[in-house]
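Structure at a glance
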Number of protein chains: 2
Amino acid sequence: MGMNENLSKPLDRLSSEISDDMAAVNALIRERMASRHAPRIPEVTAHLVEAGGKRLRPMLVLAAARLCGYHGEAHLLLAAAVEFIHTATLLHDDVVDESQQRRGRPTANLLWDNKSSVLVGDYLFARSFQLMADTGNMEVMRILANASATIAEGEVLQLTAAQDVTTTEDIYIQIVRGKTAALFSAATEAGAVVANVDATVQQALFDYGDALGIAFQIVDDLLDYGGSAEVIGKNVGDDFRERKLTLPVIKAIAAADADELAFWTRTIGKGQQDDGDLETALDILHRRGALDAARADAIAWAERAKTALQATPDHPLRAILSDLSDFVVSRIS
Amino acid sequence: MGMNENLSKPLDRLSSEISDDMAAVNALIRERMASRHAPRIPEVTAHLVEAGGKRLRPMLVLAAARLCGYHGEAHLLLAAAVEFIHTATLLHDDVVDESQQRRGRPTANLLWDNKSSVLVGDYLFARSFQLMADTGNMEVMRILANASATIAEGEVLQLTAAQDVTTTEDIYIQIVRGKTAALFSAATEAGAVVANVDATVQQALFDYGDALGIAFQIVDDLLDYGGSAEVIGKNVGDDFRERKLTLPVIKAIAAADADELAFWTRTIGKGQQDDGDLETALDILHRRGALDAARADAIAWAERAKTALQATPDHPLRAILSDLSDFVVSRIS
């Protein structure tokens, strides 16, 4: 990720604090992604699972459970379940978005086909529910089933809101909750629930995951229009070319004069894009302060995440999760 | 379906025996397929759910639970969950198979797009797990999660076995268990489990659903090469054109001489099909007794389903389920 070493420390500290748990989760993931009958399944899954993702979501489950003083093993099953849900949604997203690359490698839909991506995604989704059933905890089952519904709902909403220049910030936040924050908040809430802490702490960890996830996605959307020079792996302007209504554009449209509105309607609404349009878009985004305003929103969500942690137990992981929130927005500050 | 009136009676009798329950399930399905944020979801779902399917799978849940003397309401949630899983797999199947028609109407992937079918399928799958969580019964959760994994595994296996002329009857049965029987057996087993009957009866109802599902799929595959004249809605030769290794073809290949093997390798293995090939295929299938042998297998599975019922409680529904098994194979006898 080419990040500043100092800034990436919270992720390293998190990783090191829960390294034994994470090793167990990785073993569980490898074991459960197998298929007795269909070797295509672990092939496709391994391509994605072993592509060097940060495993942020399972780490959030483990950290939340440990922070809440949990000493059992159900959090390992939940962490693997959350990673399977995430992997399933990535497989399906790449089919829906007709993506060709993810994490710098060709996507599964390109290497195999859309069929395999759809069906292996379904398999992993089913596997995640088997893992949850193995915890014997109906409440976490409910949390993750709800999150899965919110994810799919957010994706459908994104599909119908795409290219619609009347999309509001409220709809954007709903979409972001679906595509990103729902699994973050389910991860941290499920970690708390399995540790059987009181409702205030469960809610605090839900709020932390929710705000962290929203900050994370706003940052991702901002980086699509630039960001710091050290950040690599994203092509500036992908969202513009795909006519996605992300926060900077929504803010710029809200502040647009007649000429600018015509520009956004032509390029995003109608998809009539010419050479130089991306540069014009960037120019308008800067001029209208849309990038700064989106950056301020991301930082505010990160602050909200940190504030939520105040209601959680005093534990070394609390400081790490707090720093993780700063880290998420450090890529744009 | 244009069936002989007399033969369709078991389905009518089943329907009438559990009509109150089924009305409650239909109301639940309509309620739970809604989405607060994404109206595309109920649009797509309604297209499929209200297309006049027989609702055989939810009926099996209700019948099994009632047969086992159940008087609660959890079976209604399970029946709706099973129908949602079924609908989700239909949506994804039509994307995978690039289908244009289902039940005589254009498919959702054609009316909307593949993206909507993938994501709405995911939503329904998540909704089905929410319904299961509402039962508070972890054992049925496990049964349906296992069935969902088996379904996806069977579909992937079918994908990789397609066009492979060395596919055996064992692999065919595995595929059929995945694509059809797993949800039948999960439906009947879950109905028994929610009724809290002893393990012998649970197993008997699992076995009934499994054998019924296999008989059902063999019949479906046979009808693709003909069947009785009254049956409408299937085009003869679809599986042949799509190069599917179904039971009649597997049996014909096992008995093939060198010329016939060359024919199957060319038409199914390599997909080089000319005018008249379907007629040749039908001729070989008849000559080798492959259709008669597959028909005998279907009838044997239907008998196995009836035998399994002997270990279940004496109840009017038992006779109806037994007749249902005869009905399933009546389309080919």
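None of the values given here were measured: they were computed from a predicted structure.

What chain A contains, in helices and strands, is 16 helices and 2 strands. For 333 residues, the compact-globule formula gives about 20 Å, and the C-alpha radius of gyration of chain A, at 20 Å, lands near that figure. Along the first, second and third principal axes, the C-alpha atoms of chain A reach 60 × 50 × 35 Å. Within chain A, buried positions represent 58% of all 333 residues. Put simply, of all contacts in chain A between residues at least 6 apart along the chain, 75% involve residues at least 24 apart. Put simply, chain A shows about 13000 Å² of open surface, and 46% of that area lies on carbon and sulfur atoms.

Interfaces are often described in size by the accessible area the parts lose on coming together. Contact residues are listed per partner, giving 40 residues for chain A and 41 residues for chain B. Here chain A meets chain B over a buried area of about 3800 Å², counting both sides, of which 75% is carbon and sulfur. The three residues of chain A that bury the most area against chain B are L119, M138 and E153 of chain A, which together make up 17% of that side's buried surface. There are 2 salt bridges connecting chain A and chain B.

This part covers the pattern of salt bridges. Residue and element names in this part refer to chain B. Counted by the stated rule, this structure contains 44 salt bridges over all chains. Linking R177 and D210 is a salt bridge whose minimum nitrogen-to-oxygen distance equals 2.8 Å. Of this pair, R177 sits in helix 9 (residues 169-194) while D210 is found in helix 10 (residues 199-223), placing the two residues 33 residues apart along the sequence. Across the pair D238 and R241 runs a salt bridge whose closest N-O atoms are separated by 3.2 Å. Taken together, the residues span about one helical turn, with D238 and R241 both in helix 11 (residues 238-241) at a distance of 3 residues. Owing to a relative accessible area of 46%, R241 belongs among the partly exposed residues under this scheme.

The next subject is the environment of S128 of chain A. In this structure, S128 of chain A sits in helix 7 (residues 114-135). In this structure S128 of chain A touches A81, F84 and I85 of chain A, once residues within four positions along its chain are discounted.

Time to look at the side chain of R57 of chain A. Tracing the sequence through the fold places R57 of chain A in helix 4 (residues 56-67). E83 of chain A provides the closest opposite charge to the buried, salt-bridge-free R57 of chain A, at an N-O distance of 5.8 Å.

Take S116 of chain A: it is sitting in helix 7. Note on S116 of chain A: relative accessible area 0%, which makes it buried. Only 2.8 Å separates the side chain of S116 of chain A from the side chain of R40 of chain A, close enough to count as a polar contact. If we skip the residues at most four places from it in the chain, S116 of chain A touches R40, V44 and G121 of chain A together with L159 of chain B.

For any two helices packed against each other, one specifies the crossing angle of their axes together with the interaxial distance. All names here are of chain A. Where helix 9 (residues 169-194) contacts helix 10 (residues 199-223), the two axes come as close as 7 Å, and the packing angle between them is 145°. In this structure, helix 9 meets helix 10 at a crossing whose hand is right-handed. Partitioned by chemical class, the residues of the contact of helix 9 with helix 10 number 14 nonpolar, 7 polar and 5 charged.

Let's shift gears to the relation of the copies chain A and chain B. Copy one and copy two of the chain differ by a rotation about an axis and a translation along that axis. Relative to chain B, chain A is turned by 180° and slid 0.0 Å along the rotation axis, the superposed coordinates differing by an RMSD of 0.0 Å. Both chain copies can therefore be described as sitting about a two-fold axis. Looking at chain A, 100% of its interface residues are interface residues in chain B too, so the copies touch through the same face.

Right, let's talk about helix 7 of chain A for a bit. Note: α-helices contain 3.6 residues per turn, so residues at a spacing of three or four share the same orientation. All names here are of chain A. Between the first and last C-alpha of helix 7 there are 32 Å, a value that for 22 residues agrees with the 32 Å anticipated at 1.5 Å per step. Across the 22 residues of helix 7, 19 count as buried, placing the element largely inside the fold. Looking one or two residues past helix 7, G136 carries a phi angle of roughly 70°, positive in sign.

Right, let's get into the environment of A38 of chain A. Relative to the elements of secondary structure, A38 of chain A occurs in the loop between helix 2 (19-32) and helix 3 (40-49). Every residue in contact with A38 of chain A, bar those within four places of it in the chain, is listed here: E153, V156 and L157 of chain B.

Side chains that are nonpolar tend, in soluble globular proteins, to be buried together. Of all hydrophobic cores here, the largest spans 254 residues; its most connected members are W264 and L324 of chain A together with W264 and L324 of chain B. Look past the residues within four positions of W264 of chain B in its chain and what remains in contact with it is V165, F240, V249, A252, I253, A256, G269, A281, I284 and L285 of chain B.

Our focus in this paragraph is the packing of aromatic side chains. Scanning all chains against the criterion turns up 10 aromatic pairs over all chains. Between F125 of chain A and F129 of chain A the ring centres are 5.4 Å apart and the planes differ by 80°, which places this aromatic pair in the edge-to-face class. Placement of both F125 of chain A and F129 of chain A in helix 7 is noted, with a separation of 4 residues, approximately one turn of the helix. Of the residues examined, F129 of chain A reaches a relative accessible area of 0% and is grouped as buried. Ring geometry for F129 of chain A against F129 of chain B: centres 3.5 Å apart, planes inclined by 10°, an arrangement best described as stacked. Of this pair, F129 of chain A sits in helix 7 while F129 of chain B sits in helix 7 (residues 114-135), on two different chains.

The next subject is the packing of helix 5 (residues 74-96) of chain B against helix 7 of chain B. All names here are of chain B. Contact geometry for helix 5 and helix 7: axes closest at 8 Å, N-to-C directions at 160°. Looking at the two axes, helix 5 sits roughly antiparallel to helix 7. Considering how the two elements wind past one another, helix 5 and helix 7 form a crossing that is left-handed. Class assignment of the residues belonging to the contact of helix 5 with helix 7 gives a composition of 16 nonpolar, 7 polar and 3 charged.

As a rule of thumb, non-glycine residues mostly have phi less than zero, and peptide bonds are mostly trans rather than cis. Residues and elements named next belong to chain A. If you check the backbone angles, R243 has positive phi at about 60° while not being a glycine. Inspection of the secondary structure puts R243 in the loop between helix 11 (238-241) and helix 12 (247-254). A relative accessible area of 19% means that R243 is categorised as buried.

Criteria and thresholds
Residues numbered from 1 in each chain as written. Chains lettered and ligands numbered in written order. Predicted model: local features only at pLDDT ≥ 70, side-chain atom pairs only at ≥ 80, totals over all residues. Heavy atoms only, no water. Helix = DSSP H or I, 4+ residues; strand = E, 2+ residues; numbered from the N terminus. Rg over C-alpha atoms; globule rule 2.2 N^0.38 Å. Buried < 20%, exposed > 50% of the residue type's maximum accessible area, 1.4 Å probe, protein only. Contact = heavy atoms within 4.5 Å. Areas by Shrake-Rupley, 256 points an atom, 1.4 Å probe, with all protein chains shown as cover. Buried area = accessible area lost by both parts, 1.4 Å probe. Salt bridge = Lys/Arg side-chain N within 4 Å of Asp/Glu carboxyl O. Lys, Arg positive; Asp, Glu negative; His and termini not counted. Polar contact = N/O pair within 3.5 Å; in protein donor to acceptor, adjacent residues only side chain to side chain. Axes fitted to C-alpha atoms, helices over the stretch in contact; angles between N-to-C directions. Left-handed = near helix turned anticlockwise from the far one by under 90°. Nonpolar A, V, L, I, M, F, W, Y, C, P; charged D, E, K, R; others polar. Least-squares fit on C-alpha atoms with pLDDT ≥ 70 in both. Expected span 1.5 Å × (residues − 1). Core = buried A, V, L, I, M, F, W, Y, C linked by side-chain atoms within 4.5 Å. Phe/Tyr/Trp six-rings, centres within 6.5 Å; stacked < 30°, edge-to-face > 60°. Parallel < 35°, antiparallel > 145°, perpendicular 65-115°, else oblique.

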